[in-house]
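The residues making up each chain are set out below.
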Amino acid sequence: MYAPSLLDPAAESLKLKDFVGATEVAREARTLLGERFSSVTFMYVLMRAFEVEYTAACDASRWHEFHGGPRLLSDADLEALLAPWLDR
């Protein structure tokens, strides 16, 4: 995992932007983190930027754009999961 000093700027940037939903947040995180973007770094910035609970952030790390598998989350699943933290 990367040091917080490499990930916190992305979390701060996400915190300051207005988003339509969770998939937009995830895609912006991917842009901000670049090669550092992974399911783990996404979890970290979600928890830092939006105070997402750990278990919800773990679930969000199963988003289909990270990898495939039987337990992956669709865009709609990600939206529903993160809505409590992203509704401002």
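Residues numbered from 1 in each chain as written. Predicted model: local features only at pLDDT ≥ 70, side-chain atom pairs only at ≥ 80, totals over all residues. Heavy atoms only, no water.

**Student:** Can you break down the environment of Asp18 residue by residue, with the values?
**Tutor:** With respect to the secondary-structure elements, Asp18 resides in the loop between helix 1 (4–16) and helix 2 (22–33). Judged by relative accessible area, Asp18 falls into the exposed class, the value being 69%. Once the C-alpha coordinates of Asp18 and Leu86 are considered, the two residues, 68 residues apart in sequence, prove to be 9.7 Å apart. (Helix = DSSP H or I, 4+ residues; strand = E, 2+ residues; numbered from the N terminus. Buried < 20%, exposed > 50% of the residue type's maximum accessible area, 1.4 Å probe, protein only.)

**Student:** Can you explain helix 1? Please cite residues and give values.
**Tutor:** Look at helix 1: 18 Å from first C-alpha to last across 13 residues, which is about the 18 Å you get at 1.5 Å a residue. By the burial criterion, the buried members of helix 1 are Leu7, Asp8, Ala10, Ala11 and Leu14. Viewed end-on, helix 1 has its buried residues packed into an arc of 165°, placing them on one side of the element. Residues Ser5 and Leu16 are exposed on helix 1 and point more than 90 degrees away from its buried face. Packed against the buried residues of helix 1 are helix 2 and helix 3 (39–50). (Expected span 1.5 Å × (residues − 1). Arc of directions from axis to C-beta. Contact = heavy atoms within 4.5 Å.)

**Student:** Give a description of the packing of aromatic side chains that names residues and reports values.
**Tutor:** What the rule picks out here adds up to 4 aromatic pairs. Their ring planes at 55° and their centres at 6.1 Å tell us that Phe37 and Phe42 sit as a pair that is tilted. Here Phe42 falls in the buried class, since its relative accessible area comes to 0%. Here Trp63 and Phe66 contribute two aromatic rings whose centre-to-centre distance is 5.6 Å and whose plane-to-plane angle is 80°, an arrangement assigned as edge-to-face. Considered together, Trp63 and Phe66 belong to a single accessibility category, that of buried residues. Among the aromatic side chains, those forming a connected cluster through ring pairs are Phe37, Phe42, Trp63 and Phe66. (Phe/Tyr/Trp six-rings, centres within 6.5 Å; stacked < 30°, edge-to-face > 60°.)

In short, the description is geometric, and any link to function would need to be established separately.
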